[in-house]
Amino acid sequence: MSVDSAQPTPTGLLGWFDKRFPVMRVWNEHLAEYYAPKNMGLWSVFGSLALLVLVIQIVSGIWLAMSYKPSATEAFASVEYIMRDVNWGWLLRYMHSTGASFFFILVYLHMFRGLMWGSYKKPRELLWIIGVVIYLAMMATAFFGYLLPWGQMSYWGAQVIVNLFAAVPGIGEDLSVWVRGDYVISDATLNRFFAFHFLIPFLLAGLVFLHIVALHRVGSTNPDGIEIKENKDENGIPKDGIPFHPYYTVKDSVAFVVFLAVFSLVMFYAPDMGGLFLEGPNFQPADPLKTPEHIAPVWYFTPYYAMLRAVPPIAGSQFPGVVVMFAAILILFLVPWLDRSPVRSIRYKGNLSKIFLAAFAVSFVVLAYLGLKPASDLYTLLSQIFTVVYFAFFLLMPIYTKLEKTKPVPERVTT
Ligand code: HEM
């Protein structure tokens with residue numbers, strides 16, 4: 001949230017630009033005079049880090065696209081060619097595959113911070129909803145991208161997921177053929193998935209721009225969930241606010257350096273992360289005649305895959321499982337209205353909210369683990385239990401946030 005103060009008119013080249021484009025106004029409004037809460041702490045770096053990874057993905061992706069061949073006969077070989085013959089091709093490939101997983105790690109932490117701080121509550125409902133749309137776009141990009149190496153897991157993972165569309169009553173068969181462009185995953189599917197995988201990240205960049213504009217309209221919240229703009233000094237500056245630049249730009253830069261060090265460690269020394277970031281079977285070319293023993297999506301999808309598998313088919317149809325899987329994601333849109341608590345932050349909410357939020361986090365991690373594993377009776381039972389816990393967090397929220405006793409929120413932020 002920016003404050004109007006008389007800034008000297010820039011001169012020289014900057015002055016020339018500023019007369020023709022509102023450089024200084026944008027700089028002041030969104031950085032130098034954008035006041036953010038002084039106590040945002042570590043949890044507020046994940047948004048900026050996600051932005052950094054989005055840039056890494058788009059740049060490395062464009063470079064990979066220069067050598068990649070989106071055809072069923074050439075795709076696998078072209079990735080091998082990138083890995084072995086293209087200058088620094090192996091680095092670009094590992095940067096992109098490592099980036100994909102880190103992108104989801106950062107955004108999951110970013111979303112969890114939003115759930116903890118109540119960053120979806122009025123007036124930030126739209127900011128949160130744009131966030132959920134970003135999350136959906138990320139999942140679509142990752143899903144389309146996953147087929148491109150045309151390895152065994154790419155091929156059969158896509159087969160499993162696209163077949164889910166066939167479970168939709170009445171239109172399922174036609175829908176799945178429409179999505180594939182064929183009756184099985186084929187060259188046509190690979191081509192269109194590549195087109196979408198190239199296009200959606202640019203839409204994502206646009207969504208992130210809207211996300212940050214929406215944020216700067218309402219202002220950042222903080223661990224106390226206090227609106228800092230409700231307590232200003234005689235100059236109209238929030239007493240608990242500090243200018244985003246230089247304070248948070250410097251802080252985020254430190255986070256960038258630490259993050260890039262960790263990112264490089266993984267990229268150079270463990271790009272497959274023991275099969276979590278790059279699965280072993282995907283180093284074999286796709287073979288439509290040979291189904292892998294165990295088919296599982298990449299870890300950032302497995303919580304939802306575990307939920308899908310937890311729901312037993314009804315009359316041979318997997319549609320109920322598909323509904324549960326999509327409901328688990330779409331329910332995020334409702335959070336601003338499910339939370340009836342008079343306070344924002346988990347700090348001042350009651351024990352019930354704390355217990356449900358913790359149970360939700362545990363259920364998400366456990367479901368991610370179960371979704372990676374081959375199905376068994378025990379794992380299916382556990383998946384059913386943790387799917388119920390996952391949904392209980394959302395569906396019971398209107399009740400426990402209303403019933404529980406909250407603590408008084410201080411007038412000023414705590415540091
Ligand atoms: C590409 C993915 C994303 C990027 C680059 C991004 C970027 C950012 C940035 C830079 C901020 C301000 C710094 C901060 O508070 O972290 C922010 C805040 C926020 N983001 Fe995101 N975001 C992304 C995805 C999401 C998603 C998926 C959600 C929710 C579903 C979300 C919800 C929010 C909320 C509620 C805030 C305000 C936090 C507060 O002030 O309390 N974002 N985002």
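Coordinates for the structure precede this section.
Here's what I pulled together on the structure shown here. Because the structure is predicted, anything quoted here is derived from the model rather than measured.

### Re the site of the ligand
Among the 23 residues in the neighbourhood of the ligand, the closest are listed as His110, Ser119, Gly131, His211 and Thr221. With respect to the ligand, the side chain of His110 contributes an N or O atom lying 2.7 Å from a nitrogen atom. One nitrogen or oxygen atom from the main chain of Thr221 is found 2.7 Å from an oxygen atom belonging to the ligand. Judged by its atoms lying within 2 Å of the grid points, the ligand is housed in the largest pocket.

### Some words on the coordination of the iron atom of the ligand
Around the iron atom of the ligand, the donor atoms from the protein are His110 (NE2) and His211 (NE2), and they sit 2.0 Å away. Viewed at the metal, the 6 donor atoms of the iron atom of the ligand are separated by angles of 85 to 178°, and the geometry they form is octahedral. Of this pair, His110 sits in helix 5 (residues 89-117) while His211 sits in helix 9 (residues 187-218), and the two are 101 residues apart along the sequence. The same class applies to His110 as to His211, namely buried.

### A short note on helix 14 (residues 351-372)
Counted at 1.5 Å a residue, the expected span for helix 14 with its 22 residues is 32 Å, and the 32 Å between its end C-alpha atoms agrees. Listing the buried residues of helix 14 in full gives Ser353, Phe356, Leu357, Phe360, Ser363, Phe364, Leu367, Ala368, Leu370 and Gly371. Seen end-on, helix 14 carries its buried residues on one side only, within an arc spanning 165°. Looking at helix 14, the residues exposed on the side facing more than 90 degrees away from the buried face are Asn351, Ile355 and Val365. Residues of helix 14 that are buried make contact with helix 5, helix 11 (302-310), helix 15 (377-395) and helix 16 (397-403).

### Some remarks on unusual backbone geometry
Lys122 connects to Pro123 through a cis peptide bond whose omega is 10°. With respect to the element layout, Pro123 can be found in the loop between helix 5 and helix 6 (125-147). Cis peptide bonds are those with omega within 30 degrees of zero, and the linkage from His245 to Pro246 qualifies with 10°. Structurally, the position occupied by Pro246 is in helix 10 (residues 244-269). If you check the backbone angles, Trp88 has positive phi at about 55° while not being a glycine.

Analysis parameters
Residues numbered from 1 in each chain as written. Predicted model: local features only at pLDDT ≥ 70, side-chain atom pairs only at ≥ 80, totals over all residues. Heavy atoms only, no water. Near = heavy atom within 4 Å. Polar contact = N/O pair within 3.5 Å; in protein donor to acceptor, adjacent residues only side chain to side chain. 1 Å grid on protein atoms, 1.4 Å probe; cavity = no way out; pocket = protein on both sides within 12 Å on 5 of 7 lines; lining within 4 Å. Sits in = over half its atoms within 2 Å of the grid points. Donors = N, O, S within 2.8 Å, 3.2 Å for Na, K, Ca; no water. Tetrahedral: all angles 85-135°; square planar, octahedral: opposite > 155°, others 65-115°. Helix = DSSP H or I, 4+ residues; strand = E, 2+ residues; numbered from the N terminus. Buried < 20%, exposed > 50% of the residue type's maximum accessible area, 1.4 Å probe, protein only. Expected span 1.5 Å × (residues − 1). Arc of directions from axis to C-beta. Contact = heavy atoms within 4.5 Å.

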